[in-house]
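Coordinate analysis (summary)
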Amino acid sequence: MAIATVKRIVFVCVENSCRSQIAEAFGRLYAGPNIEIYSAGSRPSGQVNPKAIATMQEIGYDLSAHGSKSLEALPQVEFDAAITMGCGDECPYLRARSRADWGIPDPKHLPPEEFGQIRNLIAGKVRDLLARLC
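Model, not experiment: these values are computed from the prediction.

Thresholds applied
- Residues numbered from 1 in each chain as written.
- Predicted model: local features only at pLDDT ≥ 70, side-chain atom pairs only at ≥ 80, totals over all residues.
- Heavy atoms only, no water.
- Helix = DSSP H or I, 4+ residues; strand = E, 2+ residues; numbered from the N terminus.
- Buried < 20%, exposed > 50% of the residue type's maximum accessible area, 1.4 Å probe, protein only.
- Polar contact = N/O pair within 3.5 Å; in protein donor to acceptor, adjacent residues only side chain to side chain.
- Contact = heavy atoms within 4.5 Å.
- Axes fitted to C-alpha atoms, helices over the stretch in contact; angles between N-to-C directions.
- Parallel < 35°, antiparallel > 145°, perpendicular 65-115°, else oblique.
- Expected span 1.5 Å × (residues − 1).
- Phe/Tyr/Trp six-rings, centres within 6.5 Å; stacked < 30°, edge-to-face > 60°.
- Lys NZ or Arg CZ within 6 Å of the ring centre and 35° of its normal.
- Pairing = 2+ DSSP bridges.

Notes on the side chain of R119
- Tracing the backbone through its elements, the reader meets R119 in helix α3 (residues 112-133).
- The buried category is assigned to R119, whose relative accessible area is 7%.
- At 3.0 Å, the side chain of R119 and the side chain of N120 are in polar contact.
- Sequence-distant contacts of R119, defined by excluding residues within four places in its chain, comprise I22, F26, T55, M56, E58 and I59.

Spelled out as structure tokens, the structure:
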């Protein structure tokens, strides 16, 4: 009988209010039981952006239950993947077996239709990441 190994993925952006929150949500939607999904910000805003909540409500996910978290709130573990969302100089160092910067534009000032396009881009990238890790 094989022992299941838990994999850990963290999504990071500056404020932990839009992109990384959306990625965490899709990770939770798409990942199996042996994958732990986290998100955090290098300078968390303290709240999830209302536009992010609205765009996720469009697909039936309640992002209002999430909270904006700092890097210090993350468990002190080596992550299997650390994904930064396009945070430039703000990208932190986290212990991770693999890392990538997705270079996704910050949608916080975009109109709802364009915000939805960013949401869909993140969904596809999360699916691809999970397919590679599992």
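From this point on, the discussion continues.
Some remarks on the packing of helix α2 (residues 50-57) against α3
- Where α2 contacts α3, the two axes come as close as 10 Å, and the packing angle between them is 70°. Considering the angle they form, α2 stands roughly perpendicular to α3. Of α3, the residues touching α2 (which contributes K51, A52, T55 and M56) are F115, G116 and R119.

Some details on helix α1 (residues 19-30)
- With 12 residues, α1 ought to run about 16 Å at 1.5 Å a step, and its terminal C-alpha atoms sit 16 Å apart, in line with that.
- Along α1, 9 of the 12 residues are buried, which leaves the element largely enclosed by surrounding structure.
- Along α1, the positions that sit buried rather than exposed are R19, S20, Q21, I22, A23, E24, A25, F26 and G27.

Let's talk about the packing of aromatic side chains
- Evaluation of the coordinates by the stated rule reveals 3 aromatic pairs.
- Between F26 and Y30, the aromatic rings sit 5.5 Å apart at their centres with planes inclined by 25°, giving stacked as the arrangement. You can see F26 and its partner Y30 sitting in helix α1, 4 residues apart, about one turn around the helix.
- By relative accessible area, which is 3% here, F26 ends up buried.
- By relative accessible area, which is 28% here, Y30 ends up partly exposed.
- Relative to F79, the ring of Y38 has its centre 5.8 Å away and its plane inclined at 75°; by these criteria the two rings are edge-to-face. One end of the pair, Y38, is in strand β2 (residues 35-41); the other, F79, is in strand β3 (residues 79-84), with 41 residues separating them in the sequence.
- Above the plane of the ring of Y30 lies R127, whose end atom (NZ or CZ) is 4.1 Å from the centre.

A few points about the environment of L121
- Counting through the fold element by element, L121 comes out in helix α3.
- L121 sits in the partly exposed class, given a relative accessible area of 38%.

What to know about the sheet that holds β2
- A sheet is described by the order of its strands in space; here 4 strands give the open sequence β2-β1-β3-β4, paired in parallel fashion. Among the strands making up the open sheet, the edge pair consists of β2 and β4 (96-101). Averaged over neighbouring strand pairs, the angle between their axes works out to 20° when direction is ignored.
- Here 4 bridges tie strand β1 (residues 7-13) to β3, and the two strands are oriented parallel to one another. Residue pairing for β3: I9 is matched across the bridge by A81.
- The sheet contacts of α1 involve β1 and β2, and relative to β2 the element is tilted by about 170°.

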